[in-house]
Amino acid sequence: MKKHTSERNRIGIIGSGLAGLASACVLAARGYAVTVFEKSPWLGGKAAVLQAQGFRFDMGPTILTIPSVLRRIFAEADRRLEDYLDLIRLDPQWRCFFTDGTMLDLVENVEAMSQALKSYAPNSAKGYRHFLSLSHRLHQISTRNYFWKSVGSIKDMIDWRAGLSIRLMGDVLSLRLGRSVAGTVRKFIPDTRVAQMLDHFTQYVGSCPENSPAVLCGIAHMQTSEGVWYPRGGIRAVPEALIRLGEELGVEYRRETGIRRILTDSRGTRVRGVETETGEVVDLAAIISNADSVRTHRELLAETAPVASRNFNERREYEPACSGVVLYLGLKRAYDHLLHHDFVFSRDPHEEFDFIYRRGEPAPDPTCYLASTARTEPATAPPGGDALYVLVHTPYLRPHHDWRQMFPAYRRVILNKLKTTGQMPDIEDRIVYEAALTPQDIHDRYRVLNGAIYGLASHGTWNGAFKPANRSPDLRGLYLAGGAAHPGPGMPMVLMSGWIAADTLDQDQLAPQGPSRTPRNPVMRTLARV
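Below is a short write-up of the structure. Remember, it's a predicted structure, so these values are computed and weren't measured experimentally.

Before going further, it helps to spend a moment on the overall build of the protein chain. On a plain count of helices and strands, the protein chain comes out with 18 helices and 21 strands. In the protein chain, buried positions account for 64% of the 530 residues. Just so you have it, the protein chain exposes about 20400 Å², and 51% of that area is on carbon and sulfur atoms.

Okay, structure coming up:
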């Protein structure tokens, strides 16, 4: 006999990634009863931790930017972020290694960076300032029209009933619709090395700069304006802080509870609960799915809401973002020439992107992102050693990819890149612990679409910035959060996605008033929007 759990105004959240945890905290702070269903034995999704032989690695995200998003979430409950996280500012933000043997540090201050470029790449120093000015403008436009609300297309960004104001017309023109990130960068930056560095702001969203809309150049200002941060304890400290806040607010976390399907009314037009993989039926007033949005519709709704599932699948093509190979290397001796964050760049970005995004094959000369954490937090490695995280982007899974066969050879490609361009010729002699994730591992472990690390790709110079809206247009009571929903992938955007989904649900007021829902706090509602 199936167990049946009923509580008329409880909100269910499917998945405990950063977006799901953020949604849970926002809703609980506003007085809702909240249950988070997580299939895995741990909470936090990709923001997991690996510990072995005295080394500690963040398994997924490693860079915290735009901390104001986290502050907004904690402010919902009248809490200070600093009481939950010890944040360390990193400046320089990255160190870049190029195949010509040179190094370039990306520093936070725009004027200081411009001065450094006068000696490194004189033809790009002035252009860098102009690029950051454009980036600032794009960030402002995004904040006014794109962030902090449910958006699925350009029509959701703009209130056309209010008419075309001069500012609105200026905003639309400044979006540089039809132009790519790579093309916009090179309009300002003639030096190929500096341009390659700036291309990689787009790698936060796992997409090709040559195919991504120019509006994503706004990411550069977001990073330079708020800085790059490392939470003591690693990025894993972020989900742990959110879990702690949720527990204080009464959120129920149900680990190892997979969802078989989302239940709807007889017409398939409104959610009414979930059925777990053990057959338990849980009645819910509304649902936020932090599972991949495509898999949510194809797997959890195909049977119970076939029209909504079909509408979602026919609305657009859903291209997965890239995947990746991650090496977790425990080194007995750290490299002094590395910073906390480093990029070891490919010889030819066009060739690299062509392999990954067009041919669907691993790049023969890839870019490696490194996180060398022991220099900031020595406790991540034994004395004198380092916990070196190495990420190389690869195509999302194709039917012919067999990473059990492909991995050994590609590991050698990656290590050779570190030996040469990364200036670590003896790295294999220093490795005393090693683990890895391949695209197949990522697909199996996190149940994402075709092993995509970053949800859906941001490709298309006209519509590439748009992801599925947080409020489902097809199924009342269903909301989406995470890297495969608006505003897209990247740690701050995923957290913002969780806030938007919760706020939109609250605005819709789907949950009836009841004894387990306390009145919303108007002071906190105001604070949360500051």
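What follows concerns the side chain of Lys 417. Note that Lys 417 resides in helix H14 (residues 403-419). Among the residues examined, Lys 417 registers a relative accessible area of 2% and is labelled buried. Among the polar contacts made by the side chain of Lys 417, one reaches the side chain of Asp 365 at a distance of 3.1 Å. The contacts of Lys 417, once residues within four sequence positions are left out, are Thr 99, Val 344, Phe 345, Ser 346, Arg 347, Asp 365, Pro 366, Cys 368 and Gly 422.

Strand S16 (residues 323-331) sits mainly inside the fold: nine of its nine residues count as buried. Burial along S16 is two-sided: Ser 323, Val 325, Leu 327, Leu 329 and Leu 331 and Gly 324, Val 326, Tyr 328 and Gly 330, pointing in opposite directions, are all buried. In terms of strand pairing, S16 meets strand S19 (residues 386-394) through nine bridges, oriented antiparallel. When the bridges of S19 are listed, Tyr 328 appears paired with Tyr 389. Note: S16 against strand S20 (residues 431-437), six bridges, orientation antiparallel. Considered in S20, the bridge of Leu 327 is made with Ala 436.

Attention shifts here to the sheet that holds strand S8 (residues 94-97). Reading across from one edge, S9-S8-S17-S18-S19-S16-S20 is the order of the seven strands in this open sheet, with mixed pairing throughout. Two strands bound the open sheet, and with one partner strand each, they are strand S9 (103-106) and S20. Adjacent strand axes in the sheet meet at a mean angle of 20° when their direction is disregarded. Pairing between S8 and strand S17 (residues 341-344): three bridges, direction parallel. In the sheet register, Arg 95 faces S17, and the bridge partner there is Asp 342.

This next bit is on the side chain of Arg 56. Its place among the elements puts Arg 56 in strand S5 (residues 55-58). Reaching out from Arg 56, the side chain makes a polar contact with the side chain of Glu 377 at a distance of 2.6 Å. Not counting the four nearest positions on each side in its chain, Arg 56 is found in contact with Val 49, Leu 50, Gln 51, Tyr 230, Gly 233, Gly 234, Thr 373, Glu 377, Thr 380 and Ala 387.

This model, assessed by the stated rule, comprises 22 aromatic pairs. Seen in terms of ring centroids, Phe 57 and Tyr 328 are 5.7 Å apart; in terms of plane orientation they differ by 65°. Their pairing is edge-to-face. One end of the pair, Phe 57, is in strand S5; the other, Tyr 328, is in strand S16, with 271 residues separating them in the sequence. No difference in accessibility class separates Phe 57 from Tyr 328, as the two residues are buried. Summarising the aromatic geometry, the rings of Phe 201 and Tyr 204 are spaced 6.5 Å apart at their centres and angled 55° between planes, so their arrangement reads as tilted. Here the two residues Phe 201 and Tyr 204 agree in accessibility, since each one is buried. Lying over the aromatic face of Tyr 446, Lys 46 brings its terminal NZ or CZ to 6.0 Å of the ring centre. Across from the ring centre of Trp 148, 3.7 Å away, lies the NZ or CZ of Arg 72, which sits over that ring.

Time to look at the packing of helix H4 (residues 125-145) against helix H7 (residues 181-188). Relative orientation of the contacting elements H4 and H7 amounts to 140°, with a least axis distance of 8 Å. It follows from the interaxial angle that H4 and H7 lie oblique. Taken together, the residues of H7 that come into contact with H4 (itself represented by Gly 127, His 130, Phe 131 and Leu 134) are Thr 184, Val 185 and Phe 188. Here the contact of H4 with H7 is composed, by residue class, of four nonpolar, three polar and no charged.

Here helix H10 (residues 237-248) spans 16 Å end to end across twelve residues, near enough to the 16 Å set by a 1.5 Å rise per residue. Buried residues of H10: Ala 237, Val 238, Pro 239, Ala 241, Leu 242, Ile 243, Leu 245 and Gly 246, and no others. Tucked into the core, H10 has its buried residues touching helix H1 (18-29), helix H2 (67-75), strand S10 (228-231), strand S11 (252-254) and helix H17 (491-508). A positive phi of about 95° marks Gly 250, the residue just after H10.

Conventions used here
Residues numbered from 1 in each chain as written. Predicted model: local features only at pLDDT ≥ 70, side-chain atom pairs only at ≥ 80, totals over all residues. Heavy atoms only, no water. Helix = DSSP H or I, 4+ residues; strand = E, 2+ residues; numbered from the N terminus. Buried < 20%, exposed > 50% of the residue type's maximum accessible area, 1.4 Å probe, protein only. Areas by Shrake-Rupley, 256 points an atom, 1.4 Å probe, with all protein chains shown as cover. Polar contact = N/O pair within 3.5 Å; in protein donor to acceptor, adjacent residues only side chain to side chain. Contact = heavy atoms within 4.5 Å. Pairing = 2+ DSSP bridges. Axes fitted to C-alpha atoms, helices over the stretch in contact; angles between N-to-C directions. Phe/Tyr/Trp six-rings, centres within 6.5 Å; stacked < 30°, edge-to-face > 60°. Lys NZ or Arg CZ within 6 Å of the ring centre and 35° of its normal. Parallel < 35°, antiparallel > 145°, perpendicular 65-115°, else oblique. Nonpolar A, V, L, I, M, F, W, Y, C, P; charged D, E, K, R; others polar. Expected span 1.5 Å × (residues − 1).

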